[in-house]
Amino acid sequence: MSRTSKEDAKNILSNVPEDKVFWLNNGGVLRNLQELSSALADISEETFGYYVNNEKNDFKNWVNDVIGDKKLADEIAKTKSKEHLLSRVNKRINQLNTLIK
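Here goes a summary of the coordinates provided. (Residues numbered from 1 in each chain as written. Predicted model: local features only at pLDDT ≥ 70, side-chain atom pairs only at ≥ 80, totals over all residues. Heavy atoms only, no water.)

As for the nonpolar core
Here is the rule: Definition of nonpolar core: a set of buried residues of the types Ala, Val, Leu, Ile, Met, Phe, Trp, Tyr and Cys, connected through side-chain atoms within 4.5 Å. Each residue gets one of three labels from its accessible area relative to the maximum for its type: buried under 20%, exposed over 50%, partly exposed in between, using a 1.4 Å probe on protein chains only. Only heavy atoms matter for contacts: two residues are in contact if any of them lie within 4.5 Å across the pair.
By size, the foremost hydrophobic cluster in this structure holds 29 residues, and its most contacted members are Leu33, Leu36, Leu40, Phe59 and Val63. Ignoring sequence-local partners within four residues, the contact set of Phe59 consists of Phe22, Leu24, Leu30, Leu36, Leu40, Ile43, Phe48, Tyr51, Val52, Ile76 and Leu85.

What follows is the structure, given as structure tokens:
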């Protein structure tokens, strides 16, 4: 697996285009990984279950297809727990922030 470059890290952490934001069913809008982290910390299990269940993982798809972070997407692909997904997202944000310092 290739290493993430400083430029890649900046791109992954930046806001996505307005037409690619993730609209939550509770009215929230996610534009980047930090906003995903904040939302995961606050959303109910019911809201989380709407996006992550046995049939789908919408957060994984958004991270992979829109944010472009294949590494994180692979890590959260099988995650069914809000706490575990939040932990993986926060760990990745910290890794990326270390790369761009």
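Here's the deal with the packing of helix α2 (residues 33–42) against helix α6 (residues 82–100)
Helix-helix packing: each pair is described by the crossing angle between the helix axes and the interaxial distance. Using the following cut-off: Every axis corresponds to a line fitted to the C-alpha atoms, with the helix fit spanning only the stretch in contact, and the corresponding angles, defined between N-to-C directions, vary from 0 to 180 degrees. Segments assigned H or I by DSSP are reported as helices when at least four residues long, segments assigned E as strands when at least two residues long, and all are numbered from the N terminus. In what follows, roughly perpendicular refers to angles from 65 to 115 degrees, roughly parallel to angles under 35, roughly antiparallel to angles over 145, and oblique to any angle outside these ranges. A crossing counts as left-handed when the near helix is turned anticlockwise from the far one by less than a right angle, and as right-handed when that turn is clockwise. When residues are grouped by polarity, Ala, Val, Leu, Ile, Met, Phe, Trp, Tyr, Cys and Pro land in nonpolar, Asp, Glu, Lys and Arg in charged, and all others, Gly among them, in polar.
Direction vectors running N to C along α2 and α6 enclose 150°, while the axes themselves pass 9 Å from each other. Relative to α6, the element α2 is oriented roughly antiparallel. Crossing geometry of α2 relative to α6 is assigned as left-handed. Residues Leu33, Gln34, Leu36, Ser37, Leu40 and Ala41 of α2 form the contact with α6, whose participating residues are Lys82, Leu85, Leu86, Val89, Asn90, Ile93 and Leu96. Looking at the contact of α2 with α6, its residues break down into nine nonpolar, three polar and one charged.

Quick look at the side chain of Lys82
How we decide: Residues scored as positive are Lys and Arg, those scored as negative are Asp and Glu, and His as well as the terminal groups of each chain are ignored. In the sections that follow, a salt bridge refers to a side-chain nitrogen of Lys or Arg positioned within 4 Å of a carboxyl oxygen of Asp or Glu.
Mapped onto the fold, Lys82 is located in helix α6. Buried within the structure, Lys82 lacks any salt-bridge partner; its nearest side chain of opposite charge belongs to Glu45, at an N-O separation of 4.3 Å. If we skip the residues at most four places from it in the chain, Lys82 touches Leu40, Ala41, Ile43, Ser44, Glu45 and Phe48.

A few points about the packing of α2 against helix α4 (residues 58–67)
Axis separation between α2 and α4 bottoms out at 12 Å; the angle between their running directions is 170°. As summarised for this structure, α2 and α4 are arranged roughly antiparallel, according to the angle between their axes. On α4, the residues touching Leu33, Leu36 and Leu40 of α2 are Phe59, Trp62, Val63 and Ile67.

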